[in-house]
Amino acid sequence: MNARAATAATRVLVLNSGSSSLKYQLLDMREGARNSPRLAVGLVERIGEETSRLVHTPLTGDGSEVKRERTGPIADHASALKAVAEELAQDGLGLDSPELAAIGHRVVHGGLRFTAPTVITDEVLAEVERLVPVAPLHNPANITGIRTAQALRPDLPQVAVFDTAFHTTMPESAARYAIDVETADAHRIRRYGFHGTSHAYVSRKTAALLGKAPSEVNVIVLHLGNGASASAVAGGRCVDTSMGLTPLEGLVMGTRSGDIDPAVTFHLKRVAGMSVDDIDELLNKKSGLVGLCGDNDMREIARRIGEGDERARLAFDIYVHRLKKYIGAYYAVLGRVDAVAFTAGVGENSAPVRAAAVAGLEELGLTLDPELNTVRSDEARLVSAAHARVAVAVVPTDEEWEIAQQAFALVTPTTPPGPAF
Ligand code: AMP
């Protein structure tokens, strides 16, 4: 019997490849490993610069983790992955191990074609490439990550898990913009939505928190990180989400404006003489919280509000006003809501944002327990009052676990389902 047959392949390497960065996690998807499925985590940043940095942390599970750091030039993604492989090998977790079942890749845009995790073939990669015009910042970096990993382990299944996939169940009424249909179709202009892996994970985890199956509950998920998006999930299927053709639409974000009258862009071009690239940069990088008050970190904004800073207060109020509008809109879209779930950096950590977002919505069945809301925890939990008709949940998102789980399920279909919640 060869080594591969003798050893169960239960590990998944998850790669999230950016234009100059490579984030990774190695997880063990064996049943029962859910309490500590992570074997190692790390990040390579500033790839292609003189000052590249690799930070690698092997996770022993007993809290005795020691972070290792390398600095110095890492020329490209191939060198970055090679360096990661060396670090993992040092921990006895080499990527040549027969225990590695698959490499799971976060791919931002899967268009309409990819509705589920997909084993990457040349044809799949060509389609991801065809989607570059609708995801010019993200898909090229994801493709580089995939090619690099393929070169390292050509024998291993590489699985793409798409940020857009969870939202492909949106009905046309939610997904289409009200513009000329021929123009829209010719250029693939429609609402795709993003953060889908997080919305999928958090909506299912919220159902589990309520002791129900995903098919039994309707959930509004608020993913509030530096990028932010809301989704309406009916019985486990996404029926609406706030991001659109690109991640610019929807909520007020750290540096993005979210919803805006499209005529603002014509105005900026015609009246302010700005170029399309200038406007792109303004709306994506210099707007949102940072544009409103100079800070995009909610901790800093809260601190400034405490000192009586008016601009920080206004930024917070605009952020919350938009959030509340989406809660109301998705309540109407769903008809019945069982839970509102907060996730990501702001959603998981900012009690003031959660309190302000649901304040005044008691008539909709939303009431927080002020004490539960301020308790800090890494666990998924309910923070609503005992009598509230609609649960309010705080659910730490775990996109890497979700990617690993989806990739593992795809490549080992006969294996019993991986670690449960
Ligand atoms: P993410 O994109 O999910 O990593 O979220 C990043 C954002 O989360 C930061 O820009 C902060 O605004 C926010 N954040 C992180 N920790 C806290 C905290 N303890 N309180 C409030 N906001 C936080």
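Since the model is a prediction, treat every value here as computed from it, not as a measurement.

Draft legend 1. Inspection of the pattern of salt bridges at higher detail. Summed over the entire model, instances satisfying the criterion amount to 30 salt bridges. For Asp240, the salt bridge is made with Arg191, and the minimal N-O distance between the two is 3.3 Å. With a gap of 49 residues between them, Asp240 in strand 11 (residues 237-241) and Arg191 in the loop between helix 6 (181-186) and helix 7 (196-209) connect regions that are remote in the sequence. Classification of Asp240 by relative accessible area gives buried; the value is 13%. Notably, a salt bridge pairs Glu307 with Arg303, separated by 2.7 Å at the nearest N-O pair. Glu307 gets classed as exposed once you look at its relative accessible area, which sits at 59%. Relative accessible area serves as the criterion here: at 40%, Arg303 is assigned to the partly exposed category. Linked through salt bridges whose partners overlap, the residues forming this network are Arg68, Arg70, Lys82, Glu86, Glu87 and Asp91.

Draft legend 2. Helix 14 (residues 351-358), seen in detail. All of the buried residues in helix 14 are Ala351, Val353, Arg354, Ala357 and Val358. End-on view of helix 14: buried residues confined to an arc of 165°, all on one side of the axis. The N-terminus of helix 14 is capped by Ser350, whose side-chain oxygen sits 3.2 Å from the backbone nitrogen of Val353. Immediately downstream of helix 14, the backbone of Gly360 shows phi near 85°, a positive value.

Draft legend 3. Main features of the pairing of strand 8 (residues 158-162). Among the five residues that make up strand 8, five are buried, leaving the element largely enclosed by the rest of the structure. Here strand 8 shows no split at all, with Gln158, Ala160 and Phe162 on one side and Val159 and Val161 on the other all buried. Summarising the sheet, strand 6 (residues 100-107) and strand 8 pair through five bridges and their orientation is parallel. Counted as the bridge partner of Arg106 is Val161 from strand 8.

Draft legend 4. Layout of the site of the ligand. Lining the immediate environment of the ligand, one finds Gly225, Asn226, Asn296, Asp297, Met298, Arg299, Ala344, Gly345, Val346, Asn349, Ser350 and Arg376. Within the backbone of Val346, a nitrogen or oxygen atom sits 3.4 Å from an oxygen atom of the ligand. Listed by contribution, the elements that provide at least two residues to the shell around the ligand are helix 11 (298-306) and helix 13 (344-349). In terms of residue class, the shell around the ligand is built from three nonpolar, six polar and three charged.

Draft legend 5. Structural context of the sheet that holds strand 5 (residues 68-71). Read from one edge of the open sheet, eight strands run 5-4-3-2-1-6-8-7, paired in mixed fashion. With partners counted over all chains shown, the strands left at the sheet margins are strand 5 and strand 7 (118-119), one partner each. Across four bridges, strand 4 (residues 53-58) lies against strand 5 in antiparallel orientation. Residue His56 lies in a different strand from strand 5, and its bridge partner there is Arg68.

Cut-offs used in this document
Residues numbered from 1 in each chain as written. Predicted model: local features only at pLDDT ≥ 70, side-chain atom pairs only at ≥ 80, totals over all residues. Heavy atoms only, no water. Salt bridge = Lys/Arg side-chain N within 4 Å of Asp/Glu carboxyl O. Helix = DSSP H or I, 4+ residues; strand = E, 2+ residues; numbered from the N terminus. Buried < 20%, exposed > 50% of the residue type's maximum accessible area, 1.4 Å probe, protein only. Arc of directions from axis to C-beta. Polar contact = N/O pair within 3.5 Å; in protein donor to acceptor, adjacent residues only side chain to side chain. Pairing = 2+ DSSP bridges. Near = heavy atom within 4 Å. Nonpolar A, V, L, I, M, F, W, Y, C, P; charged D, E, K, R; others polar.

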